[in-house]
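Residue-level structural notes
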Amino acid sequence: MDLFFQQLVNGLTLGSLYALIAVGYTVVYGIVQLINFAHGEVFMIGAFGALTTYLLFFDGQTGVWILPIMIIGAMIASVGTAVLMERIAYRPLRNAPRLAPLITAIGISVFLQEFIRLFYEKIPDFPSAKQRIPFPQLDVVSGTAVEVGSVTIQRSAIFTVAALIICSALLWYFITRTRLGRGMQAVSQDPDTARLMGINVDRIIVVAFALGAVLAAVAGVSQGLQNNNIDFRMGFLAGLKAFTAAVLGGIGNIQGAVVGGLVLGVVEAMATQFGLGGSTWKDVWAFVILILVLVFRPQGLLGARVVDRA
């Protein structure tokens, strides 16, 4: 029984990470009906943004007060990337055939991975990005794990779950209580009518990309703290699993993305411990779930319409 609760905690931690990334997928899809497969790289760039901030200004220090500044650095890197991506690559294709943005997203994904790998090599005294780079370990959020009975909870896990709760609450407030958020709801329902009502649709779309990037940046920092390292390929698999979580919950539905992420994380953790194949099969279960959802419940757990455009 202790092992069950330990895996439940591990699953919720993993699921919180997936949910943070999945919300970015679903926010963008809800506004422009686009599956941004480069969103995993926005998450990766967030982690590198935090690391770059640390190496430039705080190298060698471990105070927890550095963490908010690293998160801001991560957000700047991720939001800048997402906004540029939308402006340069996606906006010109907004009325193009469905396949064009999808292929573009895959191309951007590969471009961003290689850009980070090559960019880090050009900065003097920075570690090479060809291999995993150690992520800063800070006081309070790193160090000795917390013991609750027989269950061990890493401090970075507490940070990840808390980040999901806070980000979800702030996103809910933004969408339901602010003018921009209500504009996002209007554009998601009918962009042409929203434009006739005086809403700047282009601006709303940029805001959607930026919001998704902010959550991806927080997820990037969480991943670095949990794994103690980052690498330029980290966004690919995490992005695919987050996409699975978004589909599982019902893509286009923010609450669904959170639920889908948590369910996927718990299922993966339980299957790794109790399922066929053990930890070597841990990456298989996400895609098994994706196939099952698409076959038997394409609208997802919370009933949003599944992808009809990419």
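Structural notes, computed from the coordinates. (Residues numbered from 1 in each chain as written. Predicted model: local features only at pLDDT ≥ 70, side-chain atom pairs only at ≥ 80, totals over all residues. Heavy atoms only, no water.)

With respect to helix α8 (residues 201-227)
Threshold: Each helix is a run of H or I in the DSSP string that is no shorter than four residues. Each strand is a run of E no shorter than two, and both are numbered from the N terminus. To estimate the expected span of a helix, subtract one from its residue number and multiply by 1.5 Å. Polar contact is the term for a pair of N or O atoms within 3.5 Å; when the atoms are in protein, one must be able to donate a hydrogen and the other to accept it, and sequence-neighboring residues count only if both atoms are side-chain atoms.
The end-to-end C-alpha distance of α8 is 39 Å, a good match for the 39 Å that 27 residues give at a rise of 1.5 Å each. Backbone nitrogen of D202 and a side-chain oxygen of the N-cap are separated by 3.2 Å at the start of α8; the cap is N200. Just past α8, the residue N228 takes up positive phi, approximately 70°.

Some thoughts on the pattern of salt bridges
Operational definition: Only one rule defines a salt bridge in this text: a Lys or Arg side-chain nitrogen within 4 Å of an Asp or Glu carboxyl oxygen. For the exposure calls, accessible area comes from a 1.4 Å probe over protein chains only, and a residue counts as buried if that area is under 20% of its type's maximum, exposed if over 50%, partly exposed in between.
Across all of its chains, the model carries eight salt bridges by this definition. As a salt-bridge pair, R233 and D231 come within 3.5 Å of each other at their nearest N and O atoms. On the basis of relative accessibility, which here comes to 49%, the residue R233 falls in the partly exposed class. Classification of D231 by relative accessible area gives buried; the value is 8%. Of the charged contacts, one joins E268 and K241 as a salt bridge, the two residues approaching to 3.2 Å between their closest N and O atoms. Here K241 lies in helix α9 (residues 234-249) and E268 lies in helix α10 (residues 254-274), a separation of 27 residues in the sequence. In this structure, E268 and K241 share a single accessibility class: buried. When salt bridges with common partners are traced through the structure, they connect E86, R91, R94 and D202 into a single cluster.

Topic: the packing of aromatic side chains
By convention here, two paired aromatic rings are described through the distance between centres and the angle between planes. For the record, the criterion: Only rings of Phe, Tyr and Trp enter the pairing, Trp through its six-membered ring, and a pair is recorded when the two centres are within 6.5 Å. The plane angle decides the type: under 30 degrees is stacked, over 60 is edge-to-face, the rest tilted.
Scanning the entire structure with this criterion turns up ten aromatic pairs. Measuring from centroid to centroid gives 5.8 Å for Y90 and F209, while their planes differ by 35°, and the two rings are tilted. Linking Y90 in helix α3 (residues 66-90) with F209 in helix α8, this pair joins segments that are 119 residues apart in sequence. Each member of the pair, Y90 as well as F209, carries the same accessibility label: buried.

A few points about a positive patch on the surface
Cut-off, in case you're wondering: Two joining distances apply to patches: 9 Å for like charges and 5 Å for nonpolar side chains (Val, Leu, Ile, Met, Phe, Trp, Tyr), and every residue must have over 30% relative accessible area and no salt bridge. Here the Shrake-Rupley method, with its probe set to 1.4 Å, supplies the accessible areas, and only the displayed protein chains count as covering residues. Under the convention used here, Asp and Glu are negative, Lys and Arg are positive, and both His and the chain ends fall outside the count. In plain terms, the charge of a residue is placed at NZ if it is Lys, CZ if Arg, CG if Asp and CD if Glu.
Together, R177, R179, R182 and R203 make up a positively charged patch on the protein surface. Tracing the chain through its elements places R203 in helix α8. For R203, a relative accessible area of 52% puts it in the exposed group.

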